[in-house]
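Structural description and commentary
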Amino acid sequence: MRRPVSFAMTQAIRAVRPFAGPVLDVYAAVQPSGDKNLLARPEFKAMFIDDLLNGSRTQMGAALTDPVLFTRDWGFALSDVQVPVRWWHGDADHIVPFAHGQHCVDRLPDATPAVIDGESHLGGLGIVLDVLASIPDIGVDVDPLGDTSTGS
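Throughout what follows, the structure given in this document is the object of discussion. Given the structure is predicted, the values throughout are model-derived calculations rather than measurements.

Moving on, we get to a nonpolar patch on the surface. Judged by side-chain polarity, Leu69, Phe70, Trp74 and Phe76 come together as a nonpolar surface patch covering roughly 460 Å² of accessible area. Inspection of the secondary structure assignment puts phenylalanine 76 in the loop between α5 (61–70) and β1 (85–90).

So this is what it looks like as structure tokens:
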């Protein structure tokens, strides 16, 4: 069912392309205040629309595959993750409940939660500069080949 539904969703997105701005405004109107504020920022709105419109060129399969993947074994347990993890999560997230984020953090051996007060699902995108600035503090070095090791 994912492929036909993905195809139908892609066609629907293509059909509303000329009205993308107003359609996103309607969507934003019914979202929590954090998401509404982000979607009101012209640069964020432009990025979000571009992502939806250009991402739909390869179908909407990823969004439909997520729920399936959430119900399957990932091939590792969260307790097996051996690198430091910093987990930013809005405490008003209406898409991925805050309790689920806490559930994951509790199972990661070296995880530090960062609560984004009053933010919803898009909240992390609104603080992306803060998130990126914190990377050197995590203590993980990444080499050009993509290997990770604990920094000193």
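Okay, the nonpolar core next. One recurring pattern in soluble globular proteins is that nonpolar side chains are buried together. Counting 12 residues, the largest nonpolar core consists of Ile13, Ala20, Leu24, Ala28, Leu38, Leu39, Phe44, Phe48, Ile49, Leu53, Met60 and Leu122. Broken down by element, this core gets its largest block of residues, four residues, from helix α4 (residues 42–55).

When the charged atoms of two side chains with opposite charge come close together, those side chains can pair. Counted under the stated rule, the structure contains two salt bridges. Here aspartate 25 and lysine 45 are joined by a salt bridge, their closest N and O atoms 2.7 Å apart. Highlighted residues: aspartate 25 in helix α2 (residues 20–29) and lysine 45 in helix α4, separated in sequence by 20 residues. A salt bridge links arginine 41 to glutamate 43; the shortest N-O distance between them is 2.8 Å.

Bringing α2 into the picture now. Three or more residues of α2 are buried, namely Ala20, Gly21, Leu24 and Ala28. Angular distribution of buried residues about the axis of α2 spans 95°; they occupy a single face of the element. Packing partners of the buried residues in α2 comprise α3 (33–40) and α4.

Moving on, we get to the side chain of serine 120. Tracing the sequence through the fold places serine 120 in the loop between β2 (111–116) and α7 (123–126). According to the relative accessible area criterion, serine 120 is buried, its value standing at 2%. Looking at serine 120, its side chain comes within polar contact range of the side chain of aspartate 35, at 3.4 Å. In this structure serine 120 touches Pro32, Asp35, Gly90, Ala92, Asp93 and His94, once residues within four positions along its chain are discounted.

So, about the pairing of β2. Bridge count between β1 and β2: six bridges; the pairing is parallel. Along β2, the bridge assignment pairs tryptophan 88 with alanine 114. The β-α-β motif built from β1, the intervening helix α6 (residues 98–107) and the parallel element β2 has right-handed crossover chirality.

A few words on the packing of aromatic side chains. Tallied over the full model, the rule gives two aromatic pairs. Ring geometry for phenylalanine 44 against phenylalanine 48: centres 6.1 Å apart, planes inclined by 25°, an arrangement best described as stacked. Highlighted residues: phenylalanine 44 and phenylalanine 48, both in helix α4, separated by four residues, approximately one helical turn. Assigned by exposure class, phenylalanine 44 and phenylalanine 48 land together as buried. Arranged with centres 5.9 Å apart and planes meeting at 50°, the rings of tryptophan 74 and phenylalanine 76 form a pair that is tilted.

Moving on, we get to the environment of proline 84. Looking at the secondary structure, you find proline 84 in the loop between α5 and β1. Overall, proline 84 belongs to the buried group, its relative accessible area being 15%. Sequence spacing of proline 84 and aspartate 110 is 26 residues, and the spatial spacing of their C-alpha atoms is 5.0 Å.

Procedures and definitions
Residues numbered from 1 in each chain as written. Predicted model: local features only at pLDDT ≥ 70, side-chain atom pairs only at ≥ 80, totals over all residues. Heavy atoms only, no water. Patch = residues over 30% accessible without salt bridge, like charges linked within 9 Å, V, L, I, M, F, W, Y side chains within 5 Å. Areas by Shrake-Rupley, 256 points an atom, 1.4 Å probe, with all protein chains shown as cover. Salt bridge = Lys/Arg side-chain N within 4 Å of Asp/Glu carboxyl O. Helix = DSSP H or I, 4+ residues; strand = E, 2+ residues; numbered from the N terminus. Core = buried A, V, L, I, M, F, W, Y, C linked by side-chain atoms within 4.5 Å. Buried < 20%, exposed > 50% of the residue type's maximum accessible area, 1.4 Å probe, protein only. Arc of directions from axis to C-beta. Contact = heavy atoms within 4.5 Å. Polar contact = N/O pair within 3.5 Å; in protein donor to acceptor, adjacent residues only side chain to side chain. Pairing = 2+ DSSP bridges. Right-handed = clockwise from strand over helix to strand, strands pointing away. Phe/Tyr/Trp six-rings, centres within 6.5 Å; stacked < 30°, edge-to-face > 60°.

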